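If you want the building blocks of each chain, they are given just below.
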Amino acid sequence: MDHMAEHNTGLDRPAELEKAVNAAPPRGVPRPLFVAVTALAVALALACGLLAFSFACQRHGYAVQLGMVLDTQSAAQERSDRLERELNRTKGELAQRETELAQAQGTIDVLKEYSIAAPDGAVPEYTQLYPDFCAPAWEGEAVTGGKVCCLTFDDGPSANTDRVLEILDRYGVKATFFVVGSSSTSAASQERMKKIVAAGHAIGMHSWSHDYKKVYASVDAFLEEFNSLYQWIYQVTGVYPSVYRFPGGSLNGYDRGVYQEIIAEMTRRGFAYYDWNASAQDATVRPRPAWEIAADCLRGVGRELVVVLCHDSAARSTTVDALPAVIQGYQNAGYTFSALHPGVEQVTFGYPKIK
Ligand SMILES: [Zn+2]
């Protein structure tokens, strides 16, 4: 009994021991290990969840931050573009102001150089001569370039004028005739002057006598020559001229002592003078062949504004022969033709500076 009792109270009996070992824990009763593992798993899951949440939040934050950075970048780019545009505009304005300043300085220099007033402010007496000798008011478009060719014919009218007019008319081209008073008194010359005006060409002044010694003897002499021609042109054609050309060009061997005063006084009276930047080179003792003359006239191709010097005197018939080739040459190079008027930018020689 004792032995049984002993066995009944312990687990050392093999059957009881096996049963105790193999028996599953009763349902609903957690073992401590199980509880610990489960708790650990839950804690781990929670940690993972928190980590994932925080990561997602962080990622969102980065995305927001990136978006902000991109926004800031594009705003900065826009601002930079705008500033660059403003800078370019300012640069353009600055360049324009500089050009205007240079032009203004140029005008001041010209006024200083050609001022007709003496240092004490006294105005020369020739300003009182021929008060009606003033260019007529002119309103129209300015011509400063854009491939414009101005053909000019000096020393006429002559027997060649009719043929020159016929060729100009054939090509629909307007030109300028700088006539000489002493060449224009005959009835035939007067008719030609009328034809020049009627065809829409410009008639300009080239002195009465074309005698350098007379014309450039003094400012007074120059004014007398040109006033006579001015009145004569009006008497014959009914039109007052507004442009003129110096015999021999504005700077020649005869007018060095007076050309500045002449330019100042004629400018004061509203007249515009034109030298040339292409020449027929036809003022030669023996007439040159037409093709040579045409080639020389066409040397102005490439300039924005060309003033071609030709002569319209009786001895210059090869100049007339060259004319169709000259006109076609300029037309083929894309030029249009214009008569001279005060709106056309002056083409003049370069002058030595006064020391
Ligand atoms: Zn001449």
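Quick look at the structure, then. Keep in mind it's a predicted model, so treat the numbers as computed, not measured.

### Notes on the overall build of the protein
- Across its full length, the protein holds 10 helices and 8 strands.
- Evaluated residue by residue, the protein yields a buried proportion of 29% over its 355 residues.
- Excluding contacts between residues fewer than 6 apart, the proportion of contacts in the protein whose partners are at least 24 apart in sequence is 80%.

### A word on the packing of helix α4 (residues 161-171) against helix α10 (residues 317-332)
- Between α4 and α10, whose axes approach to 10 Å, the crossing angle comes to 15°. Relative to α10, the element α4 is oriented roughly parallel. Of the two possible hands of crossing, α4 and α10 adopt the one that is right-handed. Across the interface between the two elements, Arg163, Val164, Ile167 and Tyr171 of α4 pack against Val320, Leu323, Pro324 and Ile327 of α10.

### Some thoughts on unusual backbone geometry
- Of note, the bond from glycine 156 into proline 157 is cis; its omega dihedral lies within 30 degrees of zero at -5°.
- By secondary structure assignment, the location of proline 157 is in the loop between β1 (148-154) and α4.
- The backbone of tyrosine 130 shows a phi angle near 45°, a positive value even though the residue is not glycine.
- Tracing the sequence through the fold places tyrosine 130 in the loop between α3 (32-114) and β1.
- Judged by the 16 C-beta atoms lying within 10 Å of it, tyrosine 130 is partly exposed.
- Here histidine 210, not a glycine, exhibits a phi torsion of approximately 60°, which is positive.
- Looking at the secondary structure, you find histidine 210 in the loop between β3 (202-205) and α6 (212-215).

### Some thoughts on the pairing of β1
- Of all 7 residues in β1, 6 are buried; the element is thus mostly enclosed.
- With 7 bridges joining them, β1 and strand β7 (residues 305-311) adopt parallel strand pairing. Paired with cysteine 149 across the bridge in β7 is valine 306.
- Alignment of β1 against strand β8 (residues 336-337), held across 2 bridges, turns out to be parallel. Within β8, the residue paired with cysteine 149 across the bridge is phenylalanine 337.
- Taken together, the 3 bridges between β1 and strand β2 (residues 176-179) define a ladder with parallel strand orientation. When the bridges of β2 are listed, threonine 152 appears paired with threonine 176.

### Considerations on the environment of tyrosine 274
- If you trace the backbone, tyrosine 274 turns up in the loop between β5 (272-273) and β6 (278-279).
- For the pair tyrosine 274 and leucine 309, spaced 35 residues apart in sequence, the C-alpha to C-alpha distance is 9.9 Å.
- Look past the residues within four positions of tyrosine 274 in its chain and what remains in contact with it is Thr152, Val243, Arg245, Val307, Leu340, Gln346 and Val347.

### Examining the pairing of β7
- Burial analysis of β7 places 7 of its 7 residues in the buried class, which makes it a mostly covered element.
- Side chains Leu305, Val307, Leu309 and His311 project from β7 onto one buried face, and the interleaved Val306, Val308 and Cys310 project onto a second face that is buried too.
- Pairing of β6 with β7 involves 2 bridges; the strand directions are parallel. In the sheet register, serine 279 faces β7, and the bridge partner there is leucine 309.
- For the crossover that starts at β6, traverses helix α9 (residues 290-297) and ends in the parallel β7, the hand is right-handed.

### Looking at the environment of glutamine 190
- Tracing the chain through its elements places glutamine 190 in helix α5 (residues 187-198).
- A sequence separation of 45 residues divides glutamine 190 from glutamine 235, and the C-alpha atoms of the two residues are 9.9 Å apart.
- Setting aside its immediate chain neighbours within four residues, glutamine 190 contacts Ser184 and Val236.

### Side note on the nonpolar core
- Among the nonpolar cores identified, the biggest contains 64 residues, and Cys150, Cys297, Val308 and Val326 are the most heavily contacted of them.
- When residues in this core are grouped by element, the largest group, 7 residues, is from helix α7 (residues 219-237).
- Ignoring any residue separated from it by four or fewer positions in sequence, one finds cysteine 297 in contact with Ala278, Ala280, Val308, Cys310, Ala322 and Val326.

### Details of the environment of alanine 175
- Of note, alanine 175 is situated in the loop between α4 and β2.
- Each C-alpha atom of the pair alanine 175 and leucine 340 lies 7.2 Å from the other, and the pair is 165 residues apart in sequence.
- Setting aside chain neighbours within four positions, we find alanine 175 in contact with Leu151, Thr152, Phe153, Leu168, His201, Phe337 and Ala339.

Conventions and cut-offs
- Residues numbered from 1 in each chain as written.
- Predicted model: local features only at pLDDT ≥ 70, side-chain atom pairs only at ≥ 80, totals over all residues.
- Helix = DSSP H or I, 4+ residues; strand = E, 2+ residues; numbered from the N terminus.
- Buried ≥ 20, exposed ≤ 12 C-beta atoms within 10 Å, placed from the backbone.
- Contact = placed C-beta atoms within 7 Å.
- Axes fitted to C-alpha atoms, helices over the stretch in contact; angles between N-to-C directions.
- Parallel < 35°, antiparallel > 145°, perpendicular 65-115°, else oblique.
- Left-handed = near helix turned anticlockwise from the far one by under 90°.
- Pairing = 2+ DSSP bridges.
- Right-handed = clockwise from strand over helix to strand, strands pointing away.
- Core = buried A, V, L, I, M, F, W, Y, C linked by C-beta atoms within 7 Å.

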